[in-house]
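Listed here are the chains, written in short residue letters.
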Amino acid sequence: MASSAQFATLEGKLALVTGASRGIGRAIATGLAAAGADVVVGYRSGKDEALELAAELGGRAIQADVSSADDAKRLIEEAGDVDVLVNNAGLTRDGLLARMSDDDWRTVIDTNLSSVFFTCRAVTRPMMKKRSGSIVNISSVVGVHGNWGQTNYAASKAGIIGFTKSLARELGSRNIRANVVAPGYVKTQLTDVLPEEATAAMIQNTPLGRVAEPEEIAGAVRFLASNDASFITGEVLLVDGGLGM
Ligand code: NAP
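Residues numbered from 1 in each chain as written. Predicted model: local features only at pLDDT ≥ 70, side-chain atom pairs only at ≥ 80, totals over all residues. Heavy atoms only, no water.

With that settled, the discussion passes to the site of the ligand. Neighbouring the ligand are 29 residues, the closest being Arg22, Ser45, Gly46, Tyr153 and Thr188. Contacts to the ligand include Gly19, whose backbone N or O atom sits 3.1 Å from an oxygen atom. At a separation of 2.7 Å, an oxygen atom of the ligand approaches a polar backbone atom of Gly46. Summarising the interface, the protein chains cover 97% of the accessible area of the ligand, which totals 900 Å² for the free molecule. Sort the elements by how many residues they give to the shell around the ligand and helix α7 (residues 189-192) lands first, with three residues. Residue composition of the shell around the ligand, grouped by class: 11 nonpolar, 14 polar and four charged. (Near = heavy atom within 4 Å. Polar contact = N/O pair within 3.5 Å; in protein donor to acceptor, adjacent residues only side chain to side chain. Areas by Shrake-Rupley, 256 points an atom, 1.4 Å probe, with all protein chains shown as cover. Helix = DSSP H or I, 4+ residues; strand = E, 2+ residues; numbered from the N terminus. Nonpolar A, V, L, I, M, F, W, Y, C, P; charged D, E, K, R; others polar.)

Alternating residues of strand β1 (residues 14-17) divide into Leu14 and Leu16 and Ala15 and Val17, and every residue in both groups is buried. As paired elements, β1 and strand β2 (residues 38-43) share four bridges and run parallel to each other. Directly across from Leu16, in β2, lies its bridge partner Val40. Taken together, β1, helix α1 (residues 23-34) and β2 constitute a β-α-β crossover, and its handedness is right-handed. Direction of pairing for β1 relative to strand β4 (residues 84-87): parallel, over a ladder of three bridges. Bridged to Val17 within β4 is Val86. (Buried < 20%, exposed > 50% of the residue type's maximum accessible area, 1.4 Å probe, protein only. Pairing = 2+ DSSP bridges. Right-handed = clockwise from strand over helix to strand, strands pointing away.)

Counting residues in each nonpolar core, the largest one holds 33 residues, and the members touching the most others are Ile28, Leu32, Val86, Val136 and Val181. Counting only elements with at least two residues in this core, the list comes to β1, α1, β2, α2 (47-57), β4, β5 (133-138) and α9 (214-225). Sequence-distant contacts of Leu32, defined by excluding residues within four places in its chain, comprise Leu10, Ala15, Val17, Ala37, Val39, Val84, Val86, Arg222 and Ala225. Counting 25 residues, the second-largest nonpolar core is a separate cluster that includes Val40, Leu85, Cys120 and Ala178. (Core = buried A, V, L, I, M, F, W, Y, C linked by side-chain atoms within 4.5 Å. Contact = heavy atoms within 4.5 Å.)

Within the fold, Asp38 resides in strand β2. Taking relative accessible area as the criterion, Asp38 reaches 46% and is therefore assigned partly exposed. When the C-alpha atoms of Asp38 and Glu77 are compared, they prove to be 16 Å apart, with 39 residues separating the residues in sequence. Beyond its immediate stretch of four places on either side in the chain, Asp38 contacts Lys13, Leu14 and Ala15.

Glancing now at the pattern of salt bridges. Overall, the coordinates contain nine salt bridges when judged by the stated rule. Lys130 is paired through a salt bridge with Asp81; the nearest N and O atoms lie 2.8 Å apart. Here the residue Lys130 occupies a position in helix α4 (residues 102-130), and Asp81 occupies one in the loop between α3 (69-79) and β4, the gap between them amounting to 49 residues. Accessibility expressed as a relative area gives 27% for Lys130, which makes it partly exposed. (Salt bridge = Lys/Arg side-chain N within 4 Å of Asp/Glu carboxyl O.)

If you want it as structure tokens, here you go:
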């Protein structure tokens, strides 16, 4: 049950966030630490940023390419007794399907979706043993509604939703919850590459009339990770300013 405090604390919990060197992952790690969690900052190439953030949060940083099964398994093992796993690492390789290379397809599926399989598989047994755990996987509004030029990305993000709902069914009886946060448009390096017209069109279709700050995604993750969401599993929480309505 949730505590009587204003927000459920994550004190005493170990939280691992993948792709936490920058952008949304960085905000998620910061938010979980602010809620009391001991945080492990997962990163692939952003070593300096990850080490700096870990020092700031009093946590640790671990390098791993989560698209590799071996690296993902090692990441979970090195992190230790993980209570909260946030699969946030992701990338885009946009292009029309007719011209999409095998490499652009595989890189996106491996990084965004297979990574979630690898880390969840590795964390499941220890979480089952202690009959407790919370997993939050970061999808996208694109995984729900699709998007022009993003068949690979949409497939990976839709896959995360089906995967997480299935996992929630498998693990519910062990008191392990698995949920999805599906952000709309957030200003990060991932979206910096989009043409200005695409950004303007997205904002126009968003009832709240703006893009999100990474911290607004982090708030939803903190909620789902904590005991404030103790009876929520298999849920997809759209954090998109109304874009997907
Ligand atoms: P970002 O600024 O580009 O950051 C991506 C993060 O993922 C980086 O920390 C990067 O690590 C890490 N990463 C990429 N490939 C990796 C790999 N193979 N192994 C480990 N880490 C890897 O992107 P963002 O906007 O914060 O996106 C974070 C998540 O939110 C992604 O899953 C994205 O699909 C999702 N999302 C974003 C938006 C948006 O509008 N920005 C909307 C919906 C969903 P290094 O830099 O250390 O390599």
